[in-house]
Amino acid sequence: YKRITVKSLVEMKANGEKISMLTAYDYTMAKILDKAGLDVLLVGDSASNVMAGHETTLPITLDQMIYHASSVIRGIEHCLVVVDLPFGSYQSDPKEALRSAIRIMKESGAHSIKLEGGKEIKESIKRILNAGIPVMGHLGLTPQSIYKFGTYTVRAKEEQEAEKLMEDALMLERIGCFAIVLEKVPAKLAKKVAEALTIPVIGIGAGNGVDGQVLVTHDMIGMTHEFNPRFLRRYLDLFADMTGAFQQYVKDVKSKDFPNEEEQY
Ligand code: KIV
Ligand code: NA
């Protein structure tokens with residue numbers, strides 16, 4: 001297993017090799033994903049929804065992100081690990097943003113960080129990059145500003161918003177980000193952005209014209225089942241399979257089938 005670096009991702013784009021990325025929040029899942037050959041693991045602030053049951057990504061704290069990230073890091077040998085800066089840990093000023101990014105790098109051992117937004121957070125990104133910390137951008141649907149938009153619908157359908165997105169993407173590349181996530185934007189726009197940049201654009205609900213794909217692992221393996229956007233491909237129905245297994249266990253305990261002769265001392 002070769003270790004993936006931020007450099008390898010840019011090379012993959014240059015060679016036309018698509019980048020595979022999924023979320024991970026814990027050691028056991030990270031180990032499976034790493035052994036399966038994923039390129040990038042994202043310790044997403046979607047942990048706020050998936051792991052903690054919050055309605056939005058806003059409540060998760062920096063300490064909680066560090067706990068998830070350090071668990072993931074202990075499970076990997078090969079993947080590049082990217083960690084989301086959570087809401088409230090970078091918006092007030094560049095110094096705070098750098099402090100938060102440094103805490104993630106020092107306390108979890110992660111390889112890079114991601115934050116949401118374009119020119120509004122340009123100075124913060126520059127400061128983090130100046131400290132030698134690789135930064136992944138995130139444009140399009142940015143869940144940390146959900147209360148500004150009010151919905152999780154497709155972004156940048158209007159000309160003006162599409163232009164701002166393209167400008168932000170070019171700016172993120174210019175100041176030194178190693179990649180960008182584009183979430184829930186028209187496929188045509190996403191393709192245009194990917195073609196305009198030499199750094200990889202990793203899409204979620206952004207079509208097939210980008211340089212890689214990311215999904216929330218718990219969604220793609222069907223552990224969650226109430227979230228059904230068009231862009232989600234489910235590879236397993238673990239909600240049903242796990243429910244079946246748990247029901248069988250209850251039955252076996254009640255009927256005294258478990259444990260049997262061989263399953264005891
Ligand atoms: O937190 C997350 O899972 C993300 C991906 C959806 C890109 O930011
Ligand atoms: Na996120």
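Calculation notes
- Residues numbered from 1 in each chain as written.
- Chains lettered and ligands numbered in written order.
- Predicted model: local features only at pLDDT ≥ 70, side-chain atom pairs only at ≥ 80, totals over all residues.
- UniProt positions renumbered as here; feature names shortened; annotations may be inferred.
- Near = placed C-beta within 6 Å.
- Nonpolar A, V, L, I, M, F, W, Y, C, P; charged D, E, K, R; others polar.
- Helix = DSSP H or I, 4+ residues; strand = E, 2+ residues; numbered from the N terminus.
- Buried ≥ 20, exposed ≤ 12 C-beta atoms within 10 Å, placed from the backbone.
- Contact = placed C-beta atoms within 7 Å.
- Pairing = 2+ DSSP bridges.
- Right-handed = clockwise from strand over helix to strand, strands pointing away.
- Axes fitted to C-alpha atoms, helices over the stretch in contact; angles between N-to-C directions.
- Core = buried A, V, L, I, M, F, W, Y, C linked by C-beta atoms within 7 Å.

In the nomenclature of an unreviewed UniProt entry, the protein corresponds to 3-methyl-2-oxobutanoate hydroxymethyltransferase from the organism Polaribacter marinivivus. UniProt annotates the protein under Catalytic activity (unreviewed entry) with the comment "(6R)-5,10-methylene-5,6,7,8-tetrahydrofolate + 3-methyl-2-oxobutanoate + H2O = 2-dehydropantoate + (6S)-5,6,7,8-tetrahydrofolate". Under the UniProt heading Subunit (unreviewed entry), the note attached to the protein is "Homodecamer; pentamer of dimers."

Peer 1: Could you give me a rundown of the site of ligand 1, with the residues and numbers involved?
Peer 2: The full set of residues close to ligand 1 is Thr23, Leu42, Gly44, Asp45, Ser46, Asp84, Val181, Glu183, Ile204, Val214 and Val216. Among the residues making up the shell around ligand 1, the classes are represented as five nonpolar, three polar and three charged.

Peer 1: Tell me what's going on with the environment of Ile125, and back it up with residues and numbers.
Peer 2: By the secondary structure assignment, Ile125 is in helix 6 (residues 122-130). The exposure class of Ile125 is buried, given the 27 C-beta atoms found within 10 Å. Measuring from C-alpha to C-alpha, the distance between Ile125 and Leu98 comes to 8.2 Å, with 27 residues separating the pair along the chain. Ignoring anything within four residues of it in the chain, the contact list for Ile125 reads Leu115, Val135, Ile175 and Cys177.

Peer 1: Residues and numbers for the pairing of strand 2 (residues 40-43), please.
Peer 2: Here strand 2 shows no split at all, with Val40 and Leu42 on one side and Leu41 and Val43 on the other all buried. As paired elements, strand 1 (residues 19-23) and strand 2 share three bridges and run parallel to each other. Paired with Met21 across the bridge in strand 2 is Val40. Taken together, strand 1, helix 2 (residues 27-36) and strand 2 constitute a β-α-β crossover, and its handedness is right-handed. As judged from the four bridges shared by strand 2 and strand 3 (residues 80-84), these two strands associate in the parallel manner. Residue Leu41 lies in a different strand from strand 3, and its bridge partner there is Val81.

Peer 1: Report on the UniProt feature "binding site: Mg(2+)" (unreviewed entry) in the protein, specifying residues and quantitative values.
Peer 2: Following the UniProt record, the feature "binding site: Mg(2+)" (unreviewed entry) maps to Asp45, Asp84 and Glu116 here. Spatial clustering of the annotated residues is evident: they stretch over 72 residues in sequence, but the largest pairwise C-alpha distance comes to 10.9 Å. Along the chain, the position of Asp45 falls in the loop between strand 2 and helix 3 (47-50). Here Asp45 falls in the buried class, since 31 other C-beta atoms lie within 10 Å of it. With near-sequence residues (within four places) excluded, Asp45 lies in contact with Thr57, Ile60, Met65, Asp84 and Pro86. Along the polypeptide, Glu116 turns up in the loop between strand 4 (112-114) and helix 6.

Peer 1: An account of the sheet that holds strand 8 (residues 212-215) is needed here, citing residue identities and associated values.
Peer 2: Sheet strands associate in pairs through backbone hydrogen bonding, adopting either a parallel or an antiparallel arrangement. Pairing in this closed barrel of eight strands is parallel, and the strands run 1-2-3-4-5-6-7-8 around the ring. The mean inter-strand angle of the sheet, taken between neighbouring strand axes irrespective of direction, is 25°. In the packing of helix 8 (residues 159-175) onto the sheet, contacts are made with strand 5 (135-140) and strand 6 (179-183), and the angle to strand 5 comes to roughly 175°. Across the face of the sheet, helix 9 (residues 187-196) comes into contact with strand 6 and strand 7 (201-204) while running at roughly 165° to strand 7.

Peer 1: Before we move on, can you summarise the nonpolar core with the specific residues and values?
Peer 2: Counting 69 residues, the largest nonpolar core has Val40, Leu41, Val43, Val72, Val81, Ile180 and Leu182 as the members making the most contacts within it. In this structure Val81 touches Leu41, Val43, Val72, Ile73, Ile76, Ala110 and His111, once residues within four positions along its chain are discounted.

Peer 1: Let's hear about unusual backbone geometry: which residues, and what values?
Peer 2: Cis peptide bonds are those with omega within 30 degrees of zero, and the linkage from Phe258 to Pro259 qualifies with -5°. Position of Pro259 among the secondary structure elements: in the segment after helix 11 (238-254). Positive phi is not limited to glycine here, since Lys184 has a value of about 50°. Mapped onto the elements, Lys184 comes out in the loop between strand 6 and helix 9. Among the residues examined, Lys184 registers 21 C-beta atoms within 10 Å and is labelled buried. In this model, Lys256 sits at a positive phi of 65°, which is unusual for a non-glycine residue.

Peer 1: Tell me what's going on with the environment of Leu215, and back it up with residues and numbers.
Peer 2: As for its position among the elements, Leu215 is in strand 8. Once residues lying within four places of it in the same chain are set aside, the contact partners of Leu215 are Leu22, Ile204, Met220 and Leu232.

Peer 1: With reference to specific residues and values, describe the environment of Gly209.
Peer 2: Following the sequence through the fold, Gly209 ends up in the loop between strand 7 and strand 8. Sequence-wise, Gly209 and Gly53 are 156 residues apart; in three dimensions their C-alpha atoms are separated by 33 Å. With residues near it in sequence (within four places) discarded, Gly209 still touches Ala187, Ala190, Lys191 and Ala194.

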